[in-house]
Amino acid sequence: MIDDIQKRKREHLEISTSAVAQTGVTGFDSYRFVHNALPEIDFDEIDTSCQMFEKKLNYPFFISSMTGGVIEGKKINRNLMAAAERCGVMMGVGSQRAAIEKPELAELFVDEVRERSFPLLANVGAVQLNYGFGVKEMQKAVDMIGADALILHINSIQEAVQAEGNRNFKGLIVKIGEVVRGVNVPIIIKEVGFGISEEVCDRLYSVGVRYVDVAGWGGTSWSVVEGRRAGGDRSLGDLFGEWGIPTTESVAMCKKVADRSSEKLTIFASGGVRNGVDVAKAIALGADMAGLAAPFAKAAMESEEAVVASIERLGRELKVAMFGVGVKNLFELKKIPLIRLI
Ligand SMILES: Cc1cc2nc3c(=O)[nH]c(=O)nc-3n(C[C@H](O)[C@H](O)[C@H](O)COP(=O)(O)O)c2cc1C
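Enquirer: Report on the pairing of strand E10 (residues 266–270), specifying residues and quantitative values.
Expert: Taken across its five residues, E10 has five buried, putting it largely inside the fold. Burial along E10 is two-sided: the face carrying Thr266, Phe268 and Ser270 and the face carrying Ile267 and Ala269 are both buried. When E10 meets strand E11 (residues 289–292), the two strands line up parallel, connected through three bridges. The residue of E11 that forms the bridge with Phe268 is Met289. With respect to chirality, the unit in which E10 leads through helix H11 (residues 276–285) into the neighbouring parallel E11 is right-handed.

So, in structure tokens, the structure goes:
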């Protein structure tokens, strides 16, 4: 069973980082900023810093959860964590399910950066709450890495396309509420590339969830990835590569919930975010931070330096975008309107 998970993770990594897995439309191209030819600010004074889970970060983008269940995963985690520490960015680890079931695998997730200053996010599939996991196992995932928050990912289409998927999603909302109350860190509910609607976001808010990562359509497609694995149903996978809520739409939907809620709902935008202009647009649309997975996976397979270079490039692009609209911090960027093209 564990060997099956290992094999699956290796196939996931190979296929998800290939061009074929990048499908869909995020919607970022449908929005444009109004260029400000007279910004009246000093570029060198632009501040891209923010705060999340009581830690200060240099950038409002983060390394999204990527699985680390294989030998390559250990190298990837090490490179990502070292780069996150050097650059001051938040990071999520990939699903810890295998390591909870087989504790010796926990080593794959062990934080190499002893004096970590960036927020680290644990990760388990929410559907596991219907397959033997409860509050205790979720707390274990947090304790395993000393996480600042726990991501429960929701991935119904991926599980449905996957030959060996866990498909019983009944009653999860109640169990998610139990995890929110029972685990000692904040819970983030995250899709994996199909987006979160306003109605789902409302239901999540009603059981106490205050952090969502839309992980919308337009980036890595987990339907395509599952369909192309050995023994997978390729045509089913490709068909649902066309399924999902574009990332920008999903952010707008969740923002409606945030706008009418009494308590703060934090929105993370991921799914096809590929450059600093996308990050700026995500923030102007209502997200607090933006996440990227596949681009960082590629860099992390190479080296720590490659991940640092990717982070610095994104940071530079974001800063130029902020200069272009004439804002000197993220608080001001949030208030900048975008033009929607037809
Ligand atoms: C190699 C790889 C492994 C992933 N593993 C996980 C995972 O274990 N848990 C999870 O919640 N999301 C996982 N994801 C999904 C990403 O966190 C993200 O939601 C999705 O890929 C969309 O972002 P992207 O378009 O920037 O890749 C993985 C993505 C990649 C590329």
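Having seen it, we continue.
Enquirer: Tell me about the sheet that holds E10, and name the residues and values.
Expert: Pairing is parallel in the closed barrel, where eight strands are placed in the order E4-E5-E6-E7-E8-E9-E10-E11. Here the average twist between neighbouring strands, direction ignored, is 25°. Of the pairings in the sheet, the one linking strand E4 (residues 61–66) to strand E5 (residues 91–93) comprises two bridges and is parallel in character. Following the sheet pairing, Ile63 is matched in E5 by Met91. Seen against the sheet, helix H4 (residues 135–145) touches E5, strand E6 (120–125) and strand E7 (149–153) and runs at an angle of roughly 150° to E6.

Enquirer: Requested: an account of the packing of helix H7 (residues 198–206) against helix H10 (residues 247–260), with residues and values cited.
Expert: With their axes 8 Å apart at the nearest point, H7 and H10 run at an angle of 40° to one another. What the angle tells us is that H7 and H10 run oblique. Regarding H7 and H10, the two cross each other, and that crossing is right-handed. Residues Glu198, Cys201, Asp202 and Tyr205 of H7 form the contact with H10, whose own contacting residues are Met253, Cys254, Lys256, Val257 and Arg260.

Enquirer: Pulling in residues and values, what's your account of the site of the ligand?
Expert: Close to the ligand lie 23 residues, the nearest being Ser65, Ser95, Thr220, Arg274 and Ala293. At 2.9 Å from an oxygen atom of the ligand is found a main-chain nitrogen or oxygen belonging to Gly272. Here an oxygen atom of the ligand and a backbone polar atom of Ala294 are 3.0 Å apart. Burial of the ligand by the protein chains amounts to 97% of its free accessible area of 610 Å². Counting residues per element, the ones that place at least two in the shell around the ligand are helix H1 (2–16), E4 and helix H12 (294–302).

Reading the values: the criteria
- Residues numbered from 1 in each chain as written.
- Predicted model: local features only at pLDDT ≥ 70, side-chain atom pairs only at ≥ 80, totals over all residues.
- Heavy atoms only, no water.
- Buried < 20%, exposed > 50% of the residue type's maximum accessible area, 1.4 Å probe, protein only.
- Helix = DSSP H or I, 4+ residues; strand = E, 2+ residues; numbered from the N terminus.
- Pairing = 2+ DSSP bridges.
- Right-handed = clockwise from strand over helix to strand, strands pointing away.
- Axes fitted to C-alpha atoms, helices over the stretch in contact; angles between N-to-C directions.
- Contact = heavy atoms within 4.5 Å.
- Parallel < 35°, antiparallel > 145°, perpendicular 65-115°, else oblique.
- Left-handed = near helix turned anticlockwise from the far one by under 90°.
- Near = heavy atom within 4 Å.
- Polar contact = N/O pair within 3.5 Å; in protein donor to acceptor, adjacent residues only side chain to side chain.
- Areas by Shrake-Rupley, 256 points an atom, 1.4 Å probe, with all protein chains shown as cover.

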